[in-house]
Structures are given as structure tokens and as C-alpha cells.
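Results of the structural survey
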Amino acid sequence: MPTQYDAIIVGAGFGGIGAAIELKRLGFDNFAILDREDDLGGTWYVNHYPGLTVDVPTTTYSYFFEPNPNWDRLFSTGAEIKQYADNVADKYDVRRHIRFNTTVESARWDEEDNVWRVTVADGDTLAARYLITATGFLSQPRTPEIPGIDTFEGKIVHTAAWDDSYDATNRKIGIIGTGATAVQLIPELARDAADLTVYQRTAIYVVPKFDIKFSARAKRLFARVPLSQRIIRAVTDFVYEVLVDWGILHYSRFPLGNRAAAYLSKVWRFAVIRDKELRRKLTPDYAFGCKRPTFSNKFYRAFTRPNVYLQSSGIDHIEADGIVANDGTKSVIDTLVLATGFDLWEANFPAIEVIGRDGRNLGKWWRETRFQAYQGVSVPYFPNFLSLASPYAFLGLNFFNSMEYQMRHMDRLFGELKQRGATTFEITEEANSRYLDEMTELLGTSLFTLGNCATARSYYFNPSGEATLLRPMTTHEALREASTYPLSDYHIS
Ligand code: NAP
């Protein structure tokens, strides 16, 4: 007989840890968290490249029920956030549920026994009544298919598999990509490298970062008077809400707010870079917010160093010892850094094969119809399944806001099951369609529909061109929906 659990959670990042804490609150203890890595923390375990910090203030980028008075800075380092994940997992006794080095391949709903059969890479099959996938959004690293990349004879490193023993001193480095990761890494490499050539395909909006170091006194205050930290959180939450609400969701009403942010980035470039041509190349040609913008006080400055070159004509091919750009220029390099991000849609929606009722394959169904999930968690024909990394799941710019409404959603749903003595739930097709219509309508007045996003190459858009990643509502609205959705939206038996 396969091991039988009440629930299986796939992924031991902040999503999986949050789901585990919620299950415990609901009285479940017989559940397993499966993770392909050998430690917890998800993206914050996997990513450890130099310069890694969070780009959302950590007062906001943390579980609402677990403020951390010990943050060193407003924008904490990756190592601090990984430590926070460890601390929370230990405090809530989550670690003993985790099976590390366990890659989940597929999950299939067994209609006869009403359980999920979950197959892992070593061929083992586990069974669970409930399946929760918390596989994250940015978890499948993308390696670009550039002609000749296989012939490169130097060192190749993807930022999501950083080699901590690598010393950039006096190296000749080429870095592909200028996303949020590269924005953090480039200044670090520029400091030590003999020369650094940055291959930019699409320019990114960068705005100044107003970081604060918390003094020992401030940390003591946060610990003794938690309200003081809550107040700071309320402020940072508010700022991020306004950015998303006005800049993206209600773009039709507040286009000026969005333009002001683009202007701030422009002023920042002007203040730092004297070379007009360089400024032009670093200037995005799409509206602010179409693609995830980022904060940095060092990125633009790095390009003013004599050892840093921006190459924006595109890559023609890669040779054994260098990169040849479309303008014919060859950079001889010994290290190729791939800051090329993650395959969000193809490899991640869903991250494992999921087969529901009547043999419905989730990945195929999403592609044959539209990317959709009721409140970013539930899909019809997939009983007892919550997909936390779904279309319309991501709220604003802060993962923890998504986690908060998802935990509330679980609370309401499992609370009802318990009350009725029921064991099975499935979202109705009617509720799912209604929700999809609502999302489509809300997106109609957003930046993604009305703004100039065509050239942004943004992962907010799925391969069909629909912006189905972000849930187009405020945190407040999503939390209210998660606590009040009609329970009749689910078949419960
Ligand atoms: P990304 O934003 O997807 O950026 C990837 C970069 O690689 C882009 O500049 C992309 O160019 C370029 N690229 C990909 N394939 C290419 C190719 N074949 N040829 C040339 N260029 C290519 O990935 P990321 O920088 O790793 O960031 C991903 C997300 O992680 C961020 O948006 C952010 O949400 C998150 N992140 C967060 C933090 C944090 O502090 N919280 C830090 C880092 C990252 P195009 O734009 O033209 O596609």
C-alpha cells in the first residue's frame, strides 16, 4: 500500500511553509511537504548570487502573522530571508513534514478511491486526500537557446545556480539579461571584473532604493512593542498597494501616476549617467509597470565604470571564447553569466503534470482553453486540489499578500468541510467561469490592456498575450473575497 497522507504539499518555499502552517491550524498533522531541493526556502534557498536582496521592504515581505523584529535592513539580503524561512519553519514545527530531494513528477486524481496519487522521481507513489501545489512562479531557470552557446569553452553559470567559489577578480565576463537579478548582480561583478559586457535585450525601469538600516535600538523596539513594526508595515504595505492599484490596476483613471514613476526613473538615469547615448540605450520603450520594475542605487552607476560595456544590439552567436553581437562586435570572455530568468509559463503552469477528474490534464486544459483558476487557487475537474501558483494568484508585488489570502481561502474551505463532516471539494464550473469573466473585465481598465506593453517582453503576459499572472485587485479586496466567497461555489461532499 502506498503511504497515505491527509495532504501532500509540493514545494517547501514560503508558499509551502504557509500552507503547512495553515493545515496545522486546521488540525491536520498527517501531511508531507515534498521538495526537490535538499533544504527549505524555495527561491531563497536556490538563489544566492552576490548582491541578492529583496526588492520589497521586508516589513511587508514577511508573513503577516510572523513579523520579524530582527531584520537588519528595510531591504534585507537573501541570506537573511533564508534564515527567516528556517526560523518560521522551526517555530511552527514544519520541518519534520518535509521530504527533501524528492522531485514530484505527476499527480493523478483516483476517482475510485478519492485520493491523489502522487508519483515522485524514484518511482515511489504516495497517496493523499488533498493536494496543494506551492511550486512558486520563478522556479524553473531559463537557459537561452543562442546559436553556439554549447561551444563556449569558458565558465557558464546561471544566476539560479550560482557557484559561491567563483571569484570575479580580473575575469572577463559577459552577462546576458538585465532583469531584477542582473540589476543586483551587475554592480557586484563590475567591482571586481577586468571587464564586464552586459547584453541587454529589453531595458528595465530602475528607480532609486530608499533603504534603511535598523539600529539595535529599533530592533529592540520592534521586539518589545510589535505595534511599532506593524505601523511601519502598514506604511510599506500602503506604498506598494498604491503603486499597484494606481499604476497598474486603475491605469485608466491614474495614467499620470504611472508616467510619474517612469519620469523618476528617467531623472535617476539623468542624475547618474552623463553619456547621452548610454542613457538612450538604457531607456525602456514601454510603459512603466508592464514589466516588473526594480530598485537600485548601483545599477546605472555601474555603467559609468571604465570596465563595463553595454551591448544592446542583440546577440548573433556565441563562440568558444566570446560573444558576437548583431553589430559585429565580439567580446572575448572567460565567464558567461546567464541572468536570463525563469520559464514562467511553459515550464511552470503547472510545474508538474496534474491529471484531474475524467482524465483532464491541467496543463493541456489551460492551453486549450484559457489560463484560469478560481481566486487563483481552484480549478474545476480537479477535486481536493489547491494550486497556489496559478493564473491570477499573484497579488500586487508582494508574494506574502498572495499567501495571506490563500491561507484565508483554505481556512474558510477546510473549516466548512470539517463542519459538514465532508471530505471532498471541487470548484463549480459556473463559479470558475464567473471568476474568469470578472478577471477579464478588471484587466480591461488596467495598464496591461491600455498601456504600451507590446515591446516589454514581460512575464506578466502568458504566451497568448493575456496578462493572467497578477490578480487585478487590491490586497484588501482579495482578502475580503477569500473570507466571504460563497461556499456554494464549491461542490462539497
Ligand atoms: P527576468 O526578469 O525574466 O530577466 C531575464 C533577463 O534575461 C531579461 O533581461 C531578458 O530579456 C533576458 N533574456 C532572457 N533570455 C534571453 C535571450 N535569449 N537573449 C537575450 N536576453 C535574454 O529574470 P530575473 O532577472 O531573474 O528576475 C525574475 C524575477 O525574479 C523578477 O522580476 C523579480 O520578480 C524576481 N526577483 C526578485 C528579486 C527580489 O529582490 N525580490 C531579486 C531578483 C529577482 P528580455 O527582457 O528581453 O526578455
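Residues numbered from 1 in each chain as written. Predicted model: local features only at pLDDT ≥ 70, side-chain atom pairs only at ≥ 80, totals over all residues. Heavy atoms only, no water.

Moving on to the domain arrangement of the chain. Per the domain assignment, the segments of the chain are domain 1 (3-140 + 344-492) and domain 2 (149-210 + 238-338). Taken over C-alpha atoms, the centre of domain 1 sits 30 Å from the centre of domain 2. Note on domain 1 versus domain 2: buried area summed over both sides is about 3,200 Å², and carbon and sulfur give 58% of it. Area buried by domain 1 at its contact with domain 2 is led by Tyr49, Asp55 and Leu447, which between them contribute 21% of it. Arg292 is paired through a salt bridge with Asp55; the nearest N and O atoms lie 2.6 Å apart. Counting across the domain 1 and domain 2 interface gives 16 residue pairs in polar contact (both at pLDDT 80 or more). Here the side of domain 1 that touches domain 2 gets three residues from one element, more than from any other, and that element is helix α13 (residues 447-450). Across the side of domain 1 that touches domain 2, the residue classes tally to 20 nonpolar, 14 polar and two charged. (Domains from an automatic or database assignment. Buried area = accessible area lost by both parts, 1.4 Å probe. Salt bridge = Lys/Arg side-chain N within 4 Å of Asp/Glu carboxyl O. Polar contact = N/O pair within 3.5 Å; in protein donor to acceptor, adjacent residues only side chain to side chain. Helix = DSSP H or I, 4+ residues; strand = E, 2+ residues; numbered from the N terminus. Nonpolar A, V, L, I, M, F, W, Y, C, P; charged D, E, K, R; others polar.)

Across a sheet, strands are paired by hydrogen bonds formed along the backbone, either parallel or antiparallel in direction. Taken in spatial order, the five strands make up an open sheet running β7-β16-β8-β9-β12, and their pairing is parallel. Edge positions in the sheet fall to β7 (155-158) and β12 (308-311), since each of these pairs with one other strand and no more. Taking each pair of neighbouring strands and ignoring which way they run, the sheet shows an average axis angle of 20 degrees. The pairing of strand β8 (residues 172-176) with strand β9 (residues 195-199) spans five bridges and is classified as parallel. Considered in β9, the bridge of Ile176 is made with Tyr199. The sheet contacts of helix α4 (residues 180-192) involve β8, β9, β12 and β16 (335-338), and relative to β8 the element is tilted by about 175 degrees. (Pairing = 2+ DSSP bridges. Axes fitted to C-alpha atoms, helices over the stretch in contact; angles between N-to-C directions. Contact = heavy atoms within 4.5 Å.)

Quick look at the site of the ligand now. Residues in contact with the ligand amount to 25 residues; listed here are only the nearest, Thr53, Thr181, Thr202, Lys291 and Tyr459. In this structure, Ala180 approaches the ligand through a main-chain N or O atom, which is 3.1 Å from an oxygen atom. Considered on its own, the ligand offers 910 Å² of accessible surface; in the complex 89% of this is hidden by protein. A total of three residues in the shell around the ligand trace back to one element, the largest contributor, which is α4. Each residue belonging to the shell around the ligand can be placed in one class, and the counts come to ten nonpolar, nine polar and six charged. (Near = heavy atom within 4 Å. Areas by Shrake-Rupley, 256 points an atom, 1.4 Å probe, with all protein chains shown as cover.)

So, about the pattern of salt bridges. Counted by the stated rule, this structure contains 37 salt bridges. One salt bridge in this structure joins Lys24 and Asp93, with 3.8 Å as the shortest N-O distance. Here the residue Lys24 occupies a position in helix α1 (residues 14-25), and Asp93 occupies one in the loop between α3 (78-91) and β3 (98-99), the gap between them amounting to 69 residues. Given a relative accessible area of 21%, Lys24 falls into the partly exposed group. The salt bridge partner of Arg95 is Asp86, with a shortest N-O separation of 3.3 Å. One network of salt bridges, in which partners are shared, links Asp39, Lys82, Asp86, Asp90 and Arg95. (Buried < 20%, exposed > 50% of the residue type's maximum accessible area, 1.4 Å probe, protein only.)

On to the side chain of Glu404. Inspection of the secondary structure assignment puts Glu404 in helix α11 (residues 399-420). The class for Glu404 is buried, based on a relative accessible area of 9%.

Our focus in this paragraph is the packing of α1 against α11. With their axes 10 Å apart at the nearest point, α1 and α11 run at an angle of 30 degrees to one another. Regarding the angle of α1 to α11, the classification is roughly parallel. As α1 runs across α11, the sense of the crossing is right-handed. Within the contact between the two elements, α1 uses Phe14, Gly15, Gly18, Ala19, Ile21, Glu22, Leu23 and Arg25 and α11 uses Phe399, Phe400, Met403, Met407, Met410 and Asp411. Residues belonging to the contact of α1 with α11 are distributed by class as follows: nine nonpolar, two polar and three charged. (Parallel < 35°, antiparallel > 145°, perpendicular 65-115°, else oblique. Left-handed = near helix turned anticlockwise from the far one by under 90°.)

We now examine the sheet that holds strand β14 (residues 322-325). Taken together, three strands build an open sheet; the order of strands is β13-β14-β15 and the sheet is antiparallel. Of all the strands in the sheet, the pair left with one neighbour each is β13 (315-319) and β15 (330-332). For this sheet, the mean inter-axis angle between neighbouring strands, taken without regard to orientation, is 20 degrees. Two elements, β13 and β14, share four bridges in a ladder whose sense is antiparallel. Note on β14: the bridge partner recorded for Ile315 is Ala325.

Grouped together as the largest cluster of nonpolar side chains are 155 residues, with contacts concentrated most on Ile175, Leu386 and Tyr490. When residues of this core are assigned to their parent elements, the largest contribution, nine residues, is made by α11. In this structure, this core is formed jointly by two domains, domain 1 (3-140 + 344-492) and domain 2 (149-210 + 238-338), each of which donates at least three residues. Those residues in contact with Ile175 that lie beyond four places of it in its chain are Ala182, Leu185, Ile186, Leu189, Leu196, Thr197, Val198, Tyr199, Val337 and Ala339. With eleven residues, the next largest nonpolar core counts Ile176, Ile318, Ala325 and Leu336 among its residues. (Core = buried A, V, L, I, M, F, W, Y, C linked by side-chain atoms within 4.5 Å.)

Now for helix α12 (residues 429-443). For α12, with 15 residues, the first-to-last C-alpha span of 21 Å sits near the 21 Å given by 1.5 Å per residue. Those residues of α12 that sit buried are Ala431, Asn432, Tyr435, Leu436, Met439 and Leu443. Looking straight down α12, one finds its buried side chains confined to an arc of 135 degrees; they lie on one side. Along its buried surface, α12 packs onto α10 (362-368), β20 (425-427), α13, β21 (470-471) and α14 (475-484). (Expected span 1.5 Å × (residues − 1). Arc of directions from axis to C-beta.)

With that settled, the discussion passes to the packing of α11 against α14. At a minimum axis separation of 7 Å, α11 and α14 run at an interaxial angle of 15 degrees. Overall, the two elements α11 and α14 adopt an arrangement that is roughly parallel. Here the hand of the crossing between α11 and α14 comes out right-handed. Residues Asn401, Glu404, Tyr405, Arg408, His409 and Arg412 of α11 touch α14, and the partners they reach there are Thr475, Ala478, Leu479, Ala482, Ser483 and Thr484. Broken down by class, the residue content of the contact of α11 with α14 amounts to four nonpolar, five polar and three charged.

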